[in-house]
Amino acid sequence: MKTTIFIIAEQIEKKVSSMAKELLGCAFEIEKIIPVSVHTILIGDHLDHATDYFVDNGCQVKSVDLSPLKASPLDMALKIIEPIINTVQPTIIITGHNSFSIAFLPQLAIHLDASCITGVKKIFQKDNQLVFSRYIWNTKFESQVYSEKKRIAISILAGAFQAKQMNTERPGSKIQVEVPDNLTTPIKLQFISRPPDTESNFDDADVIVAAGQGIGALENIEKLRLFSKCFKRSSIAGSRPLIDMGWLPYKYQVGITGKTVSPFIYIACGISGSSQHVAGMGSSEYIVAINSDPNAAIFNVSDLCIVHDTIEFMDKCMEIICLAL
Amino acid sequence: MKILVCVKPILENSENIQINSQGNGIHMTQNAKYRLNRFDAHAVEAAVVIKEQIPGTSIDIVTVGPSFSDTIVKRAMGMGADNGMIIQIEPGLYLPPSTISALLAKIARQRTYDFIFCGMMSEDEMNAQTGQMIAARLNIPVISGVIDVQISDQQIQVIREREGGVREHLVVNRSDIQTMLLTIQAGINQPRYPGLSALLNANSKKLSIINDKEFLSEISQRDQSIRAIHKATKTRQGKYIDGVIDDKVKQFIDIMKERNVLI
């Protein structure tokens, strides 16, 4: 008897989102424990690529194009998903832990009498039971929980599950689902605003591009400055050793004796990752490390690890980003 | 206008917290101190700002917690709320959001509110579920992650935060709804410090303690249980990008695009 998994993914851009791939990776992790069949609902815009991706991975895909709606997908998701779920009757519902799922998953769980486990980082089996591991107390502890219900609705942390391909022997399928005309919400979307693209100061930068001694030479600071301009609301920063060498003023220092920052994205370029530095940026939401040394400690605290010469990597990135402008 | 704000007590001094001897919860000490969950403080402030703008508004505060939760309820009253309620449970009893939301929905059903505010999540468990679940149980509209709210006679204007600083500007006609629930994101406001006289006044007010067995019957219902709690491994789940330089750069740019941070 196969367990039915139901993946819910929001699709915004043409590319398949990495969260969508990680949701499939999560289903794959569960398949290592129990036999599964996987259904997927894709909601949003530009659904073709993502639909094919899931079909190729043996999923039964239902895609719902929301572009004609004058409402946010966050306010329509529950109304669209619930009837579809009721036709599939899945045991496990998986979605990403983000503003999309926060807006409907707990409600869906109540409606379906399912348990709701959010921010899952790991799934394993113990005593014949699926156990879901999640951080509590600001990543100080991990709580291992199990469901008391037959149905389980979970959301997974970005980056917690690897984007892996499923066993493709299963045939996939796809169906487009039309949004019924009578589907309404009292919550009307007026418009969407995005943060200004101008360079902002260090303290409220969304993206911090920081350099360590690994960038090699003082001249490369200018390159770092240019690279940082590829990002909205960005700032540059530096590690203590780099600043001690006089390559950047002290106000740019991140670490125990400098600033403690927690931007949306922290990009560590040629930084070894000493505990002093990590203490100043370890709570950043998403950490990218670029370093030519595969054993650099910075990779231990990073979400995205790029083993490469930092300068060559920055050059190539700027080239591609500039071409797209 | 009546507003209900749901608040949660959070252990102070989180750096010193320990796992209990059964390994399935946080160790409770006799003299532990509790404070108002940070997100809930923003929710209380948002309600108090509305009270200042709209004459005749009254604010009720409710929490599910042990008797010592009175300190956080009184703090919220010191900030400007009018009445306080404690749905009283045993110290150390873990209740998941589904159970908490069932208890809070009962309160909301007994009294009629125009608005229910909750913090977007609690700092300790970070489930981000309770507000949404209350709304589902009451079958009322809900907006999560609110960073601005303006209420007029006809309309409710709300800004909701999405990833990467993207903001959705939403509007609800008040004639379309009876009660609306908002979960409040940090950054909406700066919660005020209660003045001494306000705190003393709040302290002299009697809180409603709800502890009758019938009301608390949901406590035995839970959607999930904790098997174990242990110290988290500090490292992140680093994902390595493989391939030649072009592949690496492409994947990196894709991930940055998805997070909406590229120019």
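This write-up is about the structure you can find in this document. Quantities reported herein were computed from a predicted structural model and do not represent experimental measurements.

### Some points on the nonpolar core
A27 of chain A together with V5, A76 and F117 of chain B are the most contacted members of the largest nonpolar core, which totals 122 residues. Sorting elements by how many residues they give to this core places helix α1 (residues 18–31) of chain A first, with 8 residues. Setting aside residues no more than four positions away along its own chain, F117 of chain B makes contact with I3, V5, A43, A46, A47, L182 and I184 of chain B. Membership of the second largest hydrophobic core comes to 50 residues, among which are V207, F264 and C317 of chain A together with M256 of chain B.

### Quick look at the environment of H46 of chain A
Residue and element names in this part refer to chain A. By the secondary structure assignment, H46 is in the loop between β2 (36–44) and α2 (48–56). For H46, a count of 16 C-beta atoms within 10 Å corresponds to the partly exposed category. Put simply, H46 and S239 are 193 residues apart on the chain and 41 Å apart in space, counted from C-alpha to C-alpha. Residues in contact with H46, not counting those within four places in the same chain, are Q11, E13 and K14.

### Let's talk about helix α3 (residues 73–88) of chain A
Residue and element names in this part refer to chain A. With 16 residues, α3 should cover 22 Å at 1.5 Å per step; its first-to-last C-alpha distance of 21 Å lies within 8% of that length. Along α3, the helix axis deviates most sharply at I81, where the bend reaches about 25 degrees; the proline P83 sits within four residues downstream. The complete set of buried residues in α3 reads P73, L74, D75, M76, A77, I80, I81 and I85.

### Side note on the environment of I12 of chain A
All names here are of chain A. Tracing the backbone shows I12 in the loop between β1 (3–11) and α1. A count of 17 C-beta atoms within 10 Å places I12 in the partly exposed class. Taking the C-alpha atoms as reference points, I12 and Q190, 178 residues apart in sequence, are found 18 Å from one another. Discounting chain neighbours no more than four positions away, the residues touching I12 are G44 and D45.

### Brief notes about the sheet that holds strand β8 (residues 152–156) of chain A
Sheet strands line up and pair through hydrogen bonds in the backbone, either parallel or antiparallel. Taken together, 10 strands build an open sheet; the order of strands is β9(A)-β3(A)-β2(A)-β1(A)-β4(A)-β8(A)-β5(A)-β6(A)-β7(A)-β12(B) and the sheet is mixed. This sheet does not close on itself; its edge strands, each paired only once, are β9 (173–177) of chain A together with β12 (224–231) of chain B. If you compare each strand with its neighbour and ignore which way they point, the axes differ by 35 degrees on average. In the sheet, strand β5 (residues 115–126) of chain A pairs with strand β6 (residues 129–136) of chain A via 6 bridges, with the strands oriented antiparallel. For I123 of chain A, the partnering residue across the bridge sits in β6 of chain A and is F132 of chain A.

What counts, and where the lines are drawn
Residues numbered from 1 in each chain as written. Chains lettered and ligands numbered in written order. Predicted model: local features only at pLDDT ≥ 70, side-chain atom pairs only at ≥ 80, totals over all residues. Core = buried A, V, L, I, M, F, W, Y, C linked by C-beta atoms within 7 Å. Buried ≥ 20, exposed ≤ 12 C-beta atoms within 10 Å, placed from the backbone. Helix = DSSP H or I, 4+ residues; strand = E, 2+ residues; numbered from the N terminus. Contact = placed C-beta atoms within 7 Å. Expected span 1.5 Å × (residues − 1). Bend = angle between axes of the 7 residues up to and from the residue. Pairing = 2+ DSSP bridges. Axes fitted to C-alpha atoms, helices over the stretch in contact; angles between N-to-C directions.

What is shown is where atoms sit, not what they do.
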